[in-house]
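Observations on the three-dimensional arrangement
Next come the chains, spelled out residue by residue.
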Amino acid sequence: MVQLTRIYTKSGDKGKTALGNGTRVAKNDVRVEAYGTVDETNAVIGVARLHADGDVDEMLARIQNDLFDLGADLCTPGDGSDDNPERPALRITAKQTERLEAEIDQINEALDPLKSFVLPGGSALSAQLHVARTVSRRAERLIVELAGVETINAEAVRYINRLSDHMFVLARQANNGGKDDVLWKPGLTR
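Note that the structure is a prediction, hence the values are computed from the model and not measured.

About the thresholds
- Residues numbered from 1 in each chain as written.
- Predicted model: local features only at pLDDT ≥ 70, side-chain atom pairs only at ≥ 80, totals over all residues.
- Heavy atoms only, no water.
- Core = buried A, V, L, I, M, F, W, Y, C linked by side-chain atoms within 4.5 Å.
- Buried < 20%, exposed > 50% of the residue type's maximum accessible area, 1.4 Å probe, protein only.
- Contact = heavy atoms within 4.5 Å.
- Helix = DSSP H or I, 4+ residues; strand = E, 2+ residues; numbered from the N terminus.
- Salt bridge = Lys/Arg side-chain N within 4 Å of Asp/Glu carboxyl O.
- pLDDT = per-residue confidence, 0-100.
- Axes fitted to C-alpha atoms, helices over the stretch in contact; angles between N-to-C directions.
- Parallel < 35°, antiparallel > 145°, perpendicular 65-115°, else oblique.
- Left-handed = near helix turned anticlockwise from the far one by under 90°.
- Nonpolar A, V, L, I, M, F, W, Y, C, P; charged D, E, K, R; others polar.

The biggest cluster of nonpolar side chains holds 41 residues, and the ones touching the most others in it are Leu-70, Leu-74 and Met-167. Ignoring anything within four residues of it in the chain, the contact list for Leu-70 reads Val-38, Ile-92, Ile-143, Ala-156, Tyr-159 and Ile-160.

What follows is the structure, given as structure tokens:
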């Protein structure tokens, strides 16, 4: 376990930060933007957990841990193929994505069928999960942008894409299985 002894390092005072391999880049580098937005997603899920309990809270806790794995993956350049075998970088795995898919399928099975687009809202938990969904979509756009200019672990894109779907179905579950979803009414205020 790494023990942090200093809260501030002063090493970023000139607008640079260190990646997982020690390379220093600008704090607004697309890689830093990508893993920073993953961190933001994690923080939003932390707020959502204030309204969650039981299995939902446990699910969100696992996802928060996964998001630290994803941040570590994105923080370290490469796709894992050239990692030092004695000290490989932490990479998000297909198993983590598959767990999300299984949970999405299980949650979705019990939901009322969709009849319209769903507006963020309803219960406090649902509203927070919709915020997590939209922030994870922003993280996904940044990860895809990063993948367009550098080689990354392809599983990172798959994981973040599934995460936004997971947040959507979980938000619906938090609205009484979709019965209390706030539905979009096209042209309502014309």
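Moving on from the coordinates now.
Let us look at the environment of Arg-31. Mapped onto the fold, Arg-31 is located in helix H1 (residues 30–48). Placed 145 residues apart in sequence, Arg-31 and Asn-176 show a C-alpha to C-alpha distance of 38 Å. Ignoring anything within four residues of it in the chain, the contact list for Arg-31 reads Leu-19, Leu-74, Cys-75, Thr-76, Pro-77, Gly-78, Leu-146, Glu-150, Thr-151 and Ile-152.

A separate point is the pattern of salt bridges. Oppositely charged side chains are able to pair whenever their charged atoms sit close together. According to the stated counting rule, one finds 14 salt bridges in the structure shown. Between Glu-140 and Arg-137 there is a salt bridge whose closest N-O contact spans 2.8 Å. Linking Glu-140 with Arg-137, this pair stays in helix H4 (residues 124–149), spanning 3 residues, or about one helical turn. Across the salt bridge formed by Arg-158 and Glu-155, the nearest N and O atoms sit 2.8 Å from each other. On the criterion of helical spacing, the pair formed by Arg-158 and Glu-155 is a turn pair, its members being 3 residues apart in helix H5 (residues 154–173). With a relative accessible area of 11%, Glu-155 lands in the buried category. Here the salt bridges share partners, and the residues they tie into one network are Arg-62, Asp-66, Arg-99 and Glu-103.

For the rest of this paragraph, the subject is the confidence of the model for the protein chain. The share of residues in the protein chain with pLDDT of 70 or more is 93%, and the mean pLDDT across the chain is 91. Mean pLDDT across the elements of the protein chain ranges from a minimum in strand S2 (residues 24–26), with 76, to a maximum in H4, with 98.

Relative orientation of the contacting elements H4 and H5 amounts to 165 degrees, with a least axis distance of 8 Å. On the basis of their axis angle, the class for H4 and H5 is roughly antiparallel. The two elements H4 and H5 meet at a crossing, and its hand is left-handed. Together, Ser-126, Leu-129, His-130, Ala-132, Arg-133, Ser-136, Arg-137, Ala-139, Glu-140, Ile-143 and Val-144 of H4 and Val-157, Ile-160, Asn-161, Leu-163, Ser-164, Asp-165, Met-167, Phe-168, Leu-170 and Ala-171 of H5 make up the contact between the two elements. Residues belonging to the contact of H4 with H5 are distributed by class as follows: 12 nonpolar, 5 polar and 4 charged.

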